[in-house]
Amino acid sequence: MNIVFDLDGTLIDSAPDIQAVSEIILGQLGKEPLTIAETRSFVGEGAKVLVSRMMAARGIEETPESHARIYGDFVAQYEYAVEKAVFYPGVVDALAVLKAAGHRLGLCTNKPELPARAVIRHMGLEPTFDAVVAAGMIDSRKPEPDMLLKTVEDMGGGATLYVGDSEIDAETARRAEIPFALYTEGYRKSPIAAMPHDWSFDHFDRLQEIVIEAVARQTAAE
């Protein structure tokens, strides 16, 4: 089975790195950095949306020119902001178990490609994934289904489970018509019951059981 993961808020908590970048960028503008709570609430729809939310939160007028300038500065720092990211509990073991069981693993993230690949490399995940699709690699982003479908295509197609943490991920899976497992301890803002999902879990030691159930469901449907 293909198992595709979101990155920020699902496999890793990268909010401290993003907060550190905001401190640099906003400090240059004489503004207070984002709090960690603000940072987590702004993540999920890509860096351009995050920058817009950051500007609004600090009363910075957004024009196409000002956004382009701040976004450019943000991404230039973002590529190297990897030191504070941490795995959620159980992630490393879960990925190893799934890989050893013969499942194909993919990554589908709204994080821009260069920062995404930098943090994957830093966290030692490069050998783990059979396919990676990040923001900017195609002309679409989640919750449109194209990035997820492209990830599945790059993995060779076939039965797929998508694993994510947010409303954006839930909607992406719905639009792509792919079963969805919701990690509840990430960056979601809505109650679990309000988000479409096939499974939910609060620790990655549960994921192998979910994958077994997803495989059984797929087999029964064939």
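Definitions and limits used
Residues numbered from 1 in each chain as written. Predicted model: local features only at pLDDT ≥ 70, side-chain atom pairs only at ≥ 80, totals over all residues. Heavy atoms only, no water. Pairing = 2+ DSSP bridges. Helix = DSSP H or I, 4+ residues; strand = E, 2+ residues; numbered from the N terminus. Axes fitted to C-alpha atoms, helices over the stretch in contact; angles between N-to-C directions. Contact = heavy atoms within 4.5 Å. 1 Å grid on protein atoms, 1.4 Å probe; cavity = no way out; pocket = protein on both sides within 12 Å on 5 of 7 lines; lining within 4 Å. Points joined across faces, edges and corners; volume = space filled by probe spheres on them. Nonpolar A, V, L, I, M, F, W, Y, C, P; charged D, E, K, R; others polar.

### Concerning the sheet that holds strand β8 (residues 199-201)
The six strands are arranged β5-β4-β1-β6-β7-β8 in an open sheet whose pairing can be described as parallel. Single-partner strands in this sheet number two, and they are β5 (131-135) and β8. The average angle at which neighbouring strand axes cross in this sheet is 20°, direction not considered. With three bridges joining them, strand β7 (residues 180-183) and β8 adopt parallel strand pairing. Among the inter-strand pairings, Tyr 183 is bridged to a residue of β8, identified as Phe 201. The strands touched by helix α9 (residues 207-221) are β1 (2-5), β6 (160-164), β7 and β8; relative to β8, the strand with the most contacts, the crossing angle is about 170°.

### Concerning empty space enclosed by the protein
Scanning all chains against the criterion turns up one cavity of 30 Å³ or more. Its volume calculated, the largest cavity comes out at about 190 Å³. What lines the largest cavity is a set of 20 residues, among which Asp 8, Val 43, Gly 44, Glu 45 and Asn 110 lie closest to the centre. Within the residue set of the lining of the largest cavity, elements represented by two or more residues are α3 (47-57), α4 (64-78), β4 (104-112) and α8 (167-176). A per-element tally of the lining of the largest cavity places β4 first, with four residues. Its residues assigned to classes, the lining of the largest cavity shows eight nonpolar, five polar and seven charged.

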